[in-house]
Amino acid sequence: MSEALALPGVAPARLTRRGVGRFAKGSAGVLLLLAAWQLSVPLVGLSPYFYPAPSDVVAAFVDLMRKGILPVYFLDSMGRYFAGLAAGALLGVAGGVLIGLNRTVALTLSPLLRFLFAIVEVAWIPIFVVWFGYGWKTILLALVYVVFFPVLYNTLVGVRTAPQALVNALRSLGANRVQVLRYAILPAALPGIITGLRVGAGFAFRGLVFAEIVAAKTGIGYLIFEGTQTQQTARTIVGMVVMGLTWLAIDQCYLRPIERATIQRWGLTVDAEQRA
Amino acid sequence: MSPRPLPTPTWLGTLPFLAVLLGWWLLPMLVQYPPYMLPSIGAVLEFARESIVDGTLVRNVLASLARLAAGFVIGMALAVPLGLAIALNRHVADMARPVLSFLQAIAGIAWVPLTIIWFGIGNGSVVFVIANTIFFASLYNTVLGVQSIPTSLYRAVRSHGGRGVALLTNLILPGALVQLLLGVRTSMAYGWRALVASEMIAGSSGLGYMTMEAVQWQRTDTIILGMIVIGLLWVVLDRTVFTVIERRTVGRWGLLQR
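This write-up is about the structure you can find in this document. Because the structure is a prediction, the values reported are computed rather than measured.

Reading guide: rules and limits
Residues numbered from 1 in each chain as written. Chains lettered and ligands numbered in written order. Predicted model: local features only at pLDDT ≥ 70, side-chain atom pairs only at ≥ 80, totals over all residues. Helix = DSSP H or I, 4+ residues; strand = E, 2+ residues; numbered from the N terminus. Contact = placed C-beta atoms within 7 Å. Buried ≥ 20, exposed ≤ 12 C-beta atoms within 10 Å, placed from the backbone. Nonpolar A, V, L, I, M, F, W, Y, C, P; charged D, E, K, R; others polar. Expected span 1.5 Å × (residues − 1). Bend = angle between axes of the 7 residues up to and from the residue. Core = buried A, V, L, I, M, F, W, Y, C linked by C-beta atoms within 7 Å. Axes fitted to C-alpha atoms, helices over the stretch in contact; angles between N-to-C directions. Left-handed = near helix turned anticlockwise from the far one by under 90°.

### A short note on the overall build of chain A
Part 1 of the reasoning: Scanning chain A for helices and strands turns up 10 helices and 0 strands.
Part 2 of the reasoning: Element order for chain A, N to C, with α for helix and β for strand: α-α-α-α-α-α-α-α-α-α.
Part 3 of the reasoning: Summarising the internal contacts of chain A: among those between residues at least 6 apart in sequence, 73% fall at separations of at least 24.

### Some details on the overall build of chain B
Part 1 of the reasoning: Secondary structure summary: chain B contains 10 helices and 0 strands in total.
Part 2 of the reasoning: Across the 258 residues of chain B, 40% fall into the buried class.
Part 3 of the reasoning: Sequence separation of 24 or more characterises 73% of the internal contacts of chain B that already satisfy a separation of 6 or more.

### Some points on the interface of chain B and chain A
Part 1 of the reasoning: Between chain B and chain A, the residue contacts involve 61 residues of the former and 58 residues of the latter.
Part 2 of the reasoning: Broken down by secondary-structure element, the contributors of at least two residues to the side of chain B that touches chain A are α1 (14-30), α4 (90-105), α5 (112-119), α6 (123-147), α8 (164-202), α9 (207-216) and α10 (220-251) of chain B.
Part 3 of the reasoning: Ranked by the residues each element gives to the side of chain B that touches chain A, the list is headed by α4(B), at 12 residues.
Part 4 of the reasoning: Looking at side-chain class alone, the side of chain B that touches chain A contains 43 nonpolar, 14 polar and 4 charged residues.

### Considerations on helix α4 (residues 103-118) of chain A
Residues and elements named next belong to chain A.
Part 1 of the reasoning: Helix length check: α4 (16 residues) gives 22 Å between terminal C-alpha atoms against 22 Å at 1.5 Å per residue, within 8%.
Part 2 of the reasoning: The sharpest bend along α4 reaches about 40° and sits at S110, with the proline P111 one to four residues further on.
Part 3 of the reasoning: Residues A106, T108, L109, S110, L113, F117 and A118 constitute the buried set of α4.

### Focus on the environment of B:A69
Residue and element names in this part refer to chain B.
Part 1 of the reasoning: As for its position among the elements, A69 is in helix α3 (residues 56-88).
Part 2 of the reasoning: Judged by the 12 C-beta atoms lying within 10 Å of it, A69 is exposed.
Part 3 of the reasoning: C-alpha of A69 to C-alpha of G55: the two residues are 14 residues apart in sequence and 21 Å apart in space.

### Looking at the nonpolar core
Part 1 of the reasoning: Counting residues in each nonpolar core, the largest one holds 136 residues, and the members touching the most others are A:A142, A:L143, A:A204 and B:V196.
Part 2 of the reasoning: Among the elements that line this core, the one with the most residues is helix α8 (residues 177-215) of chain A, at 20 residues.

### Things to note about the environment of B:L237
Part 1 of the reasoning: Tracing the backbone shows B:L237 in helix α10.
Part 2 of the reasoning: B:L237 sits 60 residues away from B:L177 along the chain, and the two C-alpha atoms are 20 Å apart.

### Brief notes about the packing of helix α3 (residues 69-100) of chain A against α8(A)
All names here are of chain A.
Part 1 of the reasoning: At a closest axis distance of 9 Å, the pairing of α3 and α8 adopts a crossing angle of 145°. Seen along the crossing, α3 lies across α8 with a hand that is right-handed. Between α3 and α8, the residues in contact are S77, R80, Y81, G84, L85, G88, A89, G92, V93 and V97 and I185, A189, I193, G196, L197, G200, A201, A204, F205, L208 and E212, respectively.

Right, here's the structure in full:
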């Protein structure tokens, strides 16, 4: 879902003639949309509160930058996001490995874990608000929650795919528990961990915006919400644009390279081992 | 390399649920806290009974499900034609890709403040947000579905004289359908979150509204009942609808990767 229409089998645009052509057409698409939006404003004839023009949005952006609001909000959001992502991923991997090592424990716990994951993080926010109030605790907990479960579950499944023959071979060659973990179980679980991280990162980004709408006084989600509350709809759209560009940047510069470096390399390795 | 599913859970799986209930029951005897923070099991059960008897719970569940269904139908109806156009025409794809990637990145809950201005609090806002979420998930799956049709099948249909509408109905639509159905579960996972979240901010009924509304009155019994229903409903939907769709169609056609 977060693959953002990157079509399979199509290499990322490079400086080839095809790449340049695609870049030009893509830019034309963006400009066309912006032009249509700007031109439709006088035609629609609604107040900027209902339907701000791109020029209003640019003005709001400059204003938010000059007042220093946007950089602060942006850093607050990113701090929350990556703190939640890191904590959720660490807990998820640790939990997944611990639970996954024992078949009976995995069998016993998985229905509860599945049920807890089905209570989406969004549904926890009201009770978090009652327990911890409006603020960073609620937001961070929601993010940790939404990252934790996909990572945990996929790690768990990944650990269970570690080839038993490999584990036995390592053991009979005198490997201790840590070495078995390091050389057999973690490599087998890695594709699952990365899949879980990707799913969690996508849910968490939307979860962040929602949690900030409900429970924050700073951040991009708060900016999106506050803009319409104070009749500054252009600010809302600045927030949405910043959110979209941020997610594209996270996805392109961060998640996809990790995926390429791990799943594609390690996934194949593990697969070959299983077949052997 | 899709992960092997864990073996089907046995009766052992009920133990952790019992442990949670036991912990919930014992907690007030061990720690002191104001009762509004965590109501007793009895209080939640009593509230569940009341709200089932007076029909509010059923009404809220039905309202949520109706919005999910409406958003799903609208989102799919828009996504499939556009997805086909993108997948079949390189120029359309090149022009639309950056714009759509960007819009996909903000799909869902971020639209709620704007939709409140445009449609007010209620059905319009919530359905817009769900349709928006489902649209982008399904668009991606439609494109992927068409692209993953093997070239040899195109050549086979072409060499038998299949063109235009015949090509579309005999190869492209069925080919894309597989990926669409595979994607329904993921799309719905995003759609479900969008539903609950948008009802919390912009709803006037439904499960999300019921749960968030209770915060101002500190009615934690309502909140916890809402959470349990949200969880159970998703498990049931996932088990009875989406998994079955996947098994009946994709599994039968032998396209599920193992």
